[in-house]
Amino acid sequence: MGDASLPFTITEAAAALRAGEVTSVGLTEACFTAADRFDETLGVFIKRYDSTALAAAAAADAELAAGTDKGVLHGIPLGIKDIIACAESETTANSVVYDPGWYAGQDAPVIARLRAAGAIITGKVTTMEYAIGLPDETKPYPVPRNPWDPATWPGGSSSGSGAGVSAGLFMAALGTDTGGSIRIPAAFCGITGMKQTYGLVPKAGCLPLGVTLDHIGPMTRSVADAAAMLAILAGFDPADPSMPPGVAGADYPTMLGGDLSGVRIGIDRANHLGKEGADPMLEARLDESVAALAEAGATVVDTTLPLFDELTQACMITMAVEAFAFHRSWMAERWGDYGLGMRSWVGTGALYTAADYAQAQKVRRIGAAKLAEVFSSVDLMAMPTCAAGSPSYDGLDMGAIVGLIYTPYWNPVGCPVLSLPMGLGATGMPLSLSIAGPAFADGLVLQAGDAFQRLTSHHRATPPLLAEVGA
Amino acid sequence: MDAETTVRTLFTLAGVTPPEDEMAAFIEGYPATRASLDLLYAVPDTPLTDGILVFRPAD
Amino acid sequence: MTEIPLTMTDAATALRSGDLTSVALTEACMAAADRLDETLGVYIKRYDETALAAAAQADAELAAGTDRGPLHGIPLGIKDIIACLEGETTGNSVVYDPDWYAGMDAPVVARLRAAGAVITGKLTTMEYACGLPDPDKPYPIPRNPWDPTTWPGGSSSGSGAGVSAGLFLGALGTDTGGSVRLPAAFCGITGMKQTYGLVPKAGCLPLGVTLDHIGPMTRSVADAAAMLTVMAGFDASDPSMPPGVTGEDYSAALTGDLSGLTIGVERANHLGRPGADPGLVEIFDAAVAELAAAGATIVEVEIPLYAEVAAATMLCWPVEAFLFHQPWLAERWEDYGRWTRSVIGTGALLTAADYDQVLKVRRLGKAALDELFTSVDLIVGPTCATGAISYDDLNWDSLMHTLFTPYWNSVGNPTLSVPMGFTAAGLPLGLQISGKPFADALVFTAGDAYQRRTGHHLALPALASPAPAP
């Protein structure tokens, strides 16, 4: 937060809570202060849950004082992307086209797990409409802005989640990722975001964009925090048929040790460097990051990902088709009620044939098999998340965004990918490193990211906005 | 619904060219295909339902 | 000439008692083919030499005390969309790649061979497992042994006709919308569409990948259970199988006793169809009565979303088939049979959103069925509304009109067809028995209990009676 005396990460806050240095009420009120101060500019919240959050914070303090310790998330304020259901209020999906009765009065399983772990839900935050598209100023929702430069897009679709963590409106957030929607805002807002293995976290109570590509994941200030959140979010729930039966997470925080000896990391430069419009500092930042990973003990080797364009296209096609299939009946009646960015993109899903879609699924399977071969010679892959930092809202369209991002490759194959800050670019905007692993290697991915954050401090940088206003 | 335009367009997209007599049969049969699909679209709750194909990442 | 035992179970006993050798059995099957195949159009390719060699080996092994189990030395036919190392797989088509899976056995065939089965050859199928026979193409027209002017059903036509007429004691078929169960019903034999994902499909040309099953076709349920025991279980080559899935010893489940089981009788969606055989209801009721007599509690049920899910099956497989055949269809449209291309071509006419809807309806239907199966153990209904269709009346509409099979492919539950009697014209009728996913053993138990009390499955078409001894 703007107040340097407050803990920066969940891990630090957990220690401070137990040391009596802060209270959950104190942390939560500091979040409210940040929201009061910045939200008009940043457009993070759709709905604040101030009174219920304070009550939950007070309860957390009482529990901790009485010796009931629910773990590292106990008493920690979080923000929730407004496509995920919370009992406090309806889920709008940042749209005027939604069913207020959907999942009304209920928590999505992930929310129930966070609450059972003692987390404080501070409210629902802005998202691209139904997790796709761009803000439409004709619609009655805040326009989310990047705390690092409010003239720029914070990334999306988990825009409010990214901006809010970056500016201290909450200590962490839930986002979703279908083609990059956790990793892109994490990258642009200078925070950490994890798209874990597909099927590891239940998606019941989350409005779908592309059902075979969607993931709900944590957005945090540090990899250690993401590991703590994932440990709570992961694990089978029968409400979600996309999960392998009996799938379980792991105690990810215990897997973080800082030593990457014996870990082989492939670096894909071929598909990630040299793009027109790339930030001039991108390659240097990547080189520094690779050096840091090597310093942590990893063996690094240049490795090219197979079928990069093909899998990226398979992601976009699958997403469009599945999104259109979901919205078809509403779009038939209420086309113009959807935002321009959302409907112009999702409408393309109507134009694919069944054979096209089936072919895209085949390409996913072929690509996954080839990628599995790569992962037999390296343990992890590392590469930039995006080609440049956050773009200006001026002239921003979907084509420009697609040209900037390297994220969609990973959704069609379901591999875990972590995005973390790797330093600032030429214009002072954050750049981001992605670390990916084979399916269910989430622990190793987090371990590598945490090792990187022990040797670097990019993740501790805060937007100038916070310093300007002062403590 | 203009079955002829639709069927011809879909076959063009598919890269397949049935001869005219067979094209006529496809066009004649298409309304029944759409009617079958309409039956399926009438099933409630489907937008929120996952498809039967479950994607599993490589183990 | 050796009389061919009716069932594998009988043959297995005779092989071990010294009353029969595999060579004699195989030769008898070959003689039956010599006598009947010109009429019945069962074989695309006979493997006489290699079959006899395998039979001789089986005899030697059995004599030496190496007993591979109930399939040892038993002649089986293979639908010609499944790869066998002896020769190419034609798909009953002029459009095929002779190098595909050349010189290799599909995993399911390898398992049958490892169990000592004798592979007698490749059998007629509807082209690529769909469509109807096309006399313009250079393949035999398959005919029903009960009345060769009628169609034996399909697409596993040669499999059904061949088992019925005794050209082999069992066969592999495949089932995407009914292609094991329909020929089983029309030919008066037993056919099992087991749970989806239980049997590996590598080395099998796909029709609709999310709906296809390779299943056993036999004279009796006991025989089908023996075959499935060998066929089932995970193989890494087939990504549609749940990792580590296993079968079980299905033969061990055949107790003959249905006490404690609740069987749902599904009349609402199965009876009263216009054009149904006049004898169907009475024969079906009699079958239900036998199940009750075996100890089951009978209740009436209605499958929710039945029409929608059945429609979903028929909309789904053409899409998947079209994707598979698209490059060939683009270049060689007329080389495909008229019926095959007219059906697969419709797969080009669904949009992606349509296909997505099909998949969603399948999931909803499956959830509703799972709910229904919390109150019953099994569900029964007729396999078809009529006996075998005459070739004069056979077209896509008359075929669709008789089928009660497609529903089960969309949900993937195990479904068995067993003979339950005859129409007034002497054509077989089939009974479908369906169970919960992976409750294949229970489905077999019910079918076997029924067959212990009835003899429809042991009836032989007149054509198949052994020629008088010289």
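Below is a summary of the structure that appears in this document. Remember, predicted model here, so these are calculated numbers, not experimental data.

Some details on the overall build of chain C
In terms of helices and strands, chain C carries 14 helices and 11 strands. Relative to the 2.2 N^0.38 estimate, which gives 23 Å for 470 residues, the radius of gyration of chain C is 20 Å and therefore close to what a compact globule would have. Viewed in the frame of its principal axes, chain C has a C-alpha envelope of about 60 × 55 × 45 Å. Taking as baseline every contact in chain C between residues at least 6 positions apart, the subset at least 24 positions apart corresponds to 79%. As displayed, chain C has an accessible area near 14,700 Å², and 54% of this comes from carbon and sulfur atoms. Looking at charge distribution, chain C has the averaged site of its 27 positive side-chain charges lying 2 Å from that of its 52 negative ones.

Observations regarding the environment of Ala-236 of chain C
Residues and elements named next belong to chain C. Turning to its location among the elements, Ala-236 is positioned in the loop between α7 (221-231) and β7 (262-266). Assessed through its relative accessible area of 67%, Ala-236 is described here as exposed. Distance in space between the C-alpha atoms of Ala-236 and Cys-130 is 27 Å, their sequence separation being 106 residues.

Examining the interface of chain B and chain C
Many structure descriptions define interface size as the accessible area lost when the parts assemble. The partner chain C presents 34 residues to the 30 residues of chain B that form the contact. Counting the contacts that link chain B with chain C gives two salt bridges. Between Asp-354 of chain C and Arg-34 of chain B there is a salt bridge; the shortest N-O distance is 2.8 Å. Here chain B is connected to chain C by four residue pairs in polar contact (both at pLDDT 80 or more). Those elements that place two or more of their residues in the side of chain B that touches chain C are α1 (3-14) and α2 (20-41) of chain B.

Quick look at the pattern of salt bridges
Residues and elements named next belong to chain C. Taken as a whole and assessed by the stated rule, the structure comprises 34 salt bridges over all chains. Among the ionic pairs, Lys-122 bridges to Asp-80, the shortest N-O distance being 2.8 Å. Here Asp-80 lies in the loop between β2 (75-79) and α4 (107-114) and Lys-122 lies in strand β3 (residues 118-123), a separation of 42 residues in the sequence. We classify Asp-80 as buried; its relative accessible area is 1%.

Re helix α2 (residues 22-40) of chain C
Residues and elements named next belong to chain C. Along its length, α2 reaches its greatest deviation from straightness, about 45 degrees, at Asp-34. Of all the residues in α2, the buried ones are Ser-22, Ala-24, Leu-25, Thr-26, Ala-28, Cys-29, Met-30, Ala-32, Ala-33, Leu-36, Asp-37 and Leu-40. Those residues of α2 hidden inside the fold are in contact with α1 (8-17), β1 (43-46), α3 (48-63), β2, β3 and α5 (157-165). Once α2 ends, the next one or two residues include Gly-41, with phi positive near 60 degrees.

As for the packing of helix α9 (residues 308-334) of chain A against helix α11 (residues 354-374) of chain A
Residues and elements named next belong to chain A. Contact geometry for α9 and α11: axes closest at 9 Å, N-to-C directions at 140 degrees. Taken together, the axes of α9 and α11 are oblique relative to one another. Taken as a pair, α9 and α11 cross one another with a handedness that is left-handed. Counting all contacts with α9, which are made through Glu-310, Leu-311, Ala-314, Ile-317, Thr-318, Val-321 and Glu-322, the residues of α11 involved are Tyr-357, Ala-360, Gln-361, Val-363, Arg-364 and Gly-367. Among the residues making up the contact of α9 with α11, the classes are represented as seven nonpolar, three polar and three charged.

A short note on the nonpolar core
Soluble, globular proteins show a tendency: their nonpolar side chains are buried together. Formed by 261 residues in total, the largest nonpolar core has its most connected members in Ile-84, Leu-174, Trp-410 and Leu-446 of chain A together with Ile-82, Leu-172 and Phe-444 of chain C. Here Leu-446 of chain A is in contact with Met-194, Val-223, Ala-226, Ala-227, Leu-230, Tyr-252, Leu-256 and Leu-418 of chain A, once residues within four sequence places are set aside. Ala-34, Val-44, Phe-45 and Phe-170 of chain A belong to the second largest nonpolar core, which has 19 residues in total.

Digging into the side chain of Asn-144 of chain C
Following the sequence through the fold, Asn-144 of chain C ends up in the loop between β3 and α5. A distance of 2.9 Å separates a polar side-chain atom of Asn-144 of chain C from the backbone oxygen of Phe-186 of chain C.

Details of the pairing of strand β10 (residues 417-424) of chain A
All names here are of chain A. Among the eight residues that make up β10, seven are buried, leaving the element largely enclosed by the rest of the structure. Pairing of β10 with strand β11 (residues 430-436), which is carried by seven bridges, proceeds in the antiparallel orientation. Of the residues in β11, the one forming a bridge with Val-417 is Ala-436. The hairpin turn running from β10 into β11, its antiparallel successor, is five residues long, and Gly-428 in that turn takes a positive phi close to 80 degrees.

Observations concerning the layout of surface pockets
Volume-wise, the second largest pocket comes out at about 1,100 Å³. If you trace the second largest pocket, you find 32 residues lining it, with Ala-32 and Thr-33 of chain B together with Trp-396, Asp-397 and Met-400 of chain C closest to the centre. Those elements that place two or more of their residues in the lining of the second largest pocket are α2 of chain B together with α9 (306-332), α10 (338-344) and α12 (396-402) of chain C. When residues of the lining of the second largest pocket are assigned to their parent elements, the largest contribution, 10 residues, is made by α2 of chain B. Residue composition of the lining of the second largest pocket, by class: 20 nonpolar, six polar and six charged.

A word on the interface of chain A and chain C
Between chain A and chain C, the residue contacts involve 16 residues of the former and 13 residues of the latter. Taken over both partners, the interface formed by chain A and chain C buries close to 1,200 Å², and the fraction arising from carbon and sulfur atoms is 69%. Viewed at the interface, chain C and chain A are joined by zero salt bridges. Where chain A packs against chain C, one counts two residue pairs in polar contact (both at pLDDT 80 or more). Put simply, the parts of the chain that give the side of chain A that touches chain C at least two residues each are α9 and α11 of chain A. Considering each element in turn, the side of chain A that touches chain C owes the most residues, seven residues, to α11 of chain A.

Considerations on the packing of aromatic side chains
Inspection of every chain in the model, using the stated rule, returns 22 aromatic pairs over all chains. Plain terms: the ring middles of Tyr-130 of chain A and Phe-326 of chain A are 6.4 Å apart, the flat faces sit at 55 degrees to each other, and that makes the pair tilted. Pair noted here: Tyr-130 of chain A is in the loop between β3 (120-125) and α5 (159-166) and Phe-326 of chain A is in helix α9, with a separation of 196 residues, a long-range link. By relative accessible area, which is 2% here, Tyr-130 of chain A ends up buried. Classification of Phe-326 of chain A as buried rests on a relative accessible area of 5%. Pairwise contacts between aromatic rings join Tyr-130, Phe-326, Trp-330 and Tyr-338 of chain A into one cluster. Above the ring of Tyr-43 of chain C, the side-chain terminus of Arg-46 of chain C is found at 5.8 Å from the ring centroid. Stacked on the ring of Trp-339 of chain C, the Lys or Arg Arg-338 of chain C has its end atom at 5.0 Å from the ring centre.

So, the pairing of strand β4 (residues 172-177) of chain A
Residue and element names in this part refer to chain A. Within β4, six of the six residues are buried, leaving the element largely enclosed by the surrounding structure. Because side chains alternate across β4, one face comprises the buried residues Ala-172, Leu-174 and Thr-176, and the other comprises Ala-173, Gly-175 and Asp-177, equally buried. Examined bridge by bridge, strand β2 (residues 77-81) and β4 share three bridges and lie parallel to one another. Note that in β4 the partner of Leu-78 across the bridge is Ala-172. Relative to strand β6 (residues 215-220), β4 runs antiparallel, the two being bridged by five bridges. Residue pairing in the sheet places Ala-173 in a bridge with Met-219 of β6.

Side note on the side chain of His-72 of chain C
As for its position among the elements, His-72 of chain C is in the loop between α3 and β2. By relative accessible area, His-72 of chain C is classed as buried at 0%.

Definitions and cut-offs
Residues numbered from 1 in each chain as written. Chains lettered and ligands numbered in written order. Predicted model: local features only at pLDDT ≥ 70, side-chain atom pairs only at ≥ 80, totals over all residues. Heavy atoms only, no water. Helix = DSSP H or I, 4+ residues; strand = E, 2+ residues; numbered from the N terminus. Rg over C-alpha atoms; globule rule 2.2 N^0.38 Å. Contact = heavy atoms within 4.5 Å. Areas by Shrake-Rupley, 256 points an atom, 1.4 Å probe, with all protein chains shown as cover. Lys, Arg positive; Asp, Glu negative; His and termini not counted. Charge placed at Lys NZ, Arg CZ, Asp CG, Glu CD. Buried < 20%, exposed > 50% of the residue type's maximum accessible area, 1.4 Å probe, protein only. Salt bridge = Lys/Arg side-chain N within 4 Å of Asp/Glu carboxyl O. Polar contact = N/O pair within 3.5 Å; in protein donor to acceptor, adjacent residues only side chain to side chain. Bend = angle between axes of the 7 residues up to and from the residue. Axes fitted to C-alpha atoms, helices over the stretch in contact; angles between N-to-C directions. Parallel < 35°, antiparallel > 145°, perpendicular 65-115°, else oblique. Left-handed = near helix turned anticlockwise from the far one by under 90°. Nonpolar A, V, L, I, M, F, W, Y, C, P; charged D, E, K, R; others polar. Core = buried A, V, L, I, M, F, W, Y, C linked by side-chain atoms within 4.5 Å. Pairing = 2+ DSSP bridges. 1 Å grid on protein atoms, 1.4 Å probe; cavity = no way out; pocket = protein on both sides within 12 Å on 5 of 7 lines; lining within 4 Å. Points joined across faces, edges and corners; volume = space filled by probe spheres on them. Buried area = accessible area lost by both parts, 1.4 Å probe. Phe/Tyr/Trp six-rings, centres within 6.5 Å; stacked < 30°, edge-to-face > 60°. Lys NZ or Arg CZ within 6 Å of the ring centre and 35° of its normal.

Without other data, these values stay purely geometric and don't point to any function.
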